[in-house]
Amino acid sequence: MFSAMKILIFTEGTIIMHNNGIGHSREQIVQQVKDNDPSIHDYRSYVPIGKAAEKLTQWKNRGAEIFYLTSRRKHEEINDVASHSIRKHKRTTKPWKIPYRNV
């Protein structure tokens, strides 16, 4: 019996990045992180990297079950990453269902 493919997506730095990283090289973005650029901590302003939103939509349309993994631990930050990243910029995906567990 066939079951849907399950995909685990790491959020920050994989499918989304801080707003000030737009138009910069990978090396420049890494330097911004090292320099603690203020936009790094503004999770609501995070933007999709490249064609991440389109790829996620294609996978979802092909029946994949997608799970998201964030490095954030505070409930507020988790909600910011979930509700203000991919969906904000590309309304082609449904809202994330993220169960909150404090580990």
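Quick caveat, the model's predicted, so the values are computed rather than measured. (Residues numbered from 1 in each chain as written. Predicted model: local features only at pLDDT ≥ 70, side-chain atom pairs only at ≥ 80, totals over all residues. Heavy atoms only, no water.)

A. Highlighting the overall build of the chain. A count of helices and strands for the chain gives four helices and four strands. Counting helices and strands in the order they occur from the N terminus, the chain gives β-β-α-β-α-β-α-α. By residue count, 33% of the 103 residues in the chain fall in the buried class. Pairs at least 24 residues apart make up 68% of the contacts formed inside the chain by residues separated by at least 6 positions. (Helix = DSSP H or I, 4+ residues; strand = E, 2+ residues; numbered from the N terminus. Buried < 20%, exposed > 50% of the residue type's maximum accessible area, 1.4 Å probe, protein only. Contact = heavy atoms within 4.5 Å.)

B. Structural detail: the environment of E77. Locating E77 in the fold gives a position in helix α3 (residues 75-83). Leaving out residues up to four positions away in the same chain, E77 has contacts with Y43 and R72.

C. Inspection of the packing of aromatic side chains at higher detail. Applying the stated rule across the entire model yields one aromatic pair. Considering the side-chain rings of Y43 and Y46, the 5.3 Å spacing of their centres and the 50° angle between planes classify their relative orientation as tilted. By relative accessible area, which is 7% here, Y43 ends up buried. (Phe/Tyr/Trp six-rings, centres within 6.5 Å; stacked < 30°, edge-to-face > 60°.)

D. The arrangement of the confidence of the model for the chain in detail. Across the chain, pLDDT averages 77, with 77% of residues at or above 70. The element-level mean pLDDT for the chain is lowest in helix α4 (residues 86-89), coming to 50, with helix α1 (residues 26-34) highest at 91. Note on residues 88-103: pLDDT is under 50 here. Beyond four places in sequence and across chains, it has 28 contacts. (pLDDT = per-residue confidence, 0-100.)

E. The arrangement of the pattern of salt bridges in detail. Applying the stated criterion across every chain, the model contains one salt bridge. Here E12 ties to R72 by a salt bridge, and the two come within 3.6 Å at their closest N and O atoms. Separated by 60 residues along the polypeptide, E12 in the loop between β1 (6-10) and β2 (16-17) and R72 in the loop between β4 (65-69) and α3 bring together distant segments of the chain. On the accessibility criterion, R72 (23% relative accessible area) is partly exposed. (Salt bridge = Lys/Arg side-chain N within 4 Å of Asp/Glu carboxyl O.)

F. View of a nonpolar patch on the surface. Where nonpolar side chains cluster on the molecular surface, the patch consists of L8, F10, F67 and L69 and spans about 380 Å² of accessible area. Going through the elements one at a time, β1 and β4 are the ones with two or more residues in the nonpolar patch. Looking at the secondary structure, you find L69 in strand β4. A relative accessible area of 37% means that L69 is categorised as partly exposed. (Patch = residues over 30% accessible without salt bridge, like charges linked within 9 Å, V, L, I, M, F, W, Y side chains within 5 Å. Areas by Shrake-Rupley, 256 points an atom, 1.4 Å probe, with all protein chains shown as cover.)

G. View of helix α2 (residues 52-61). Looking at α2, one finds that the buried residues are A52, A53, L56 and T57. Summarising the axial view, the buried residues of α2 lie within an arc of 135°, below the 170-degree limit, and thus occupy one face. G63 sits one or two residues past α2 and shows a positive phi near 100°. (Arc of directions from axis to C-beta.)

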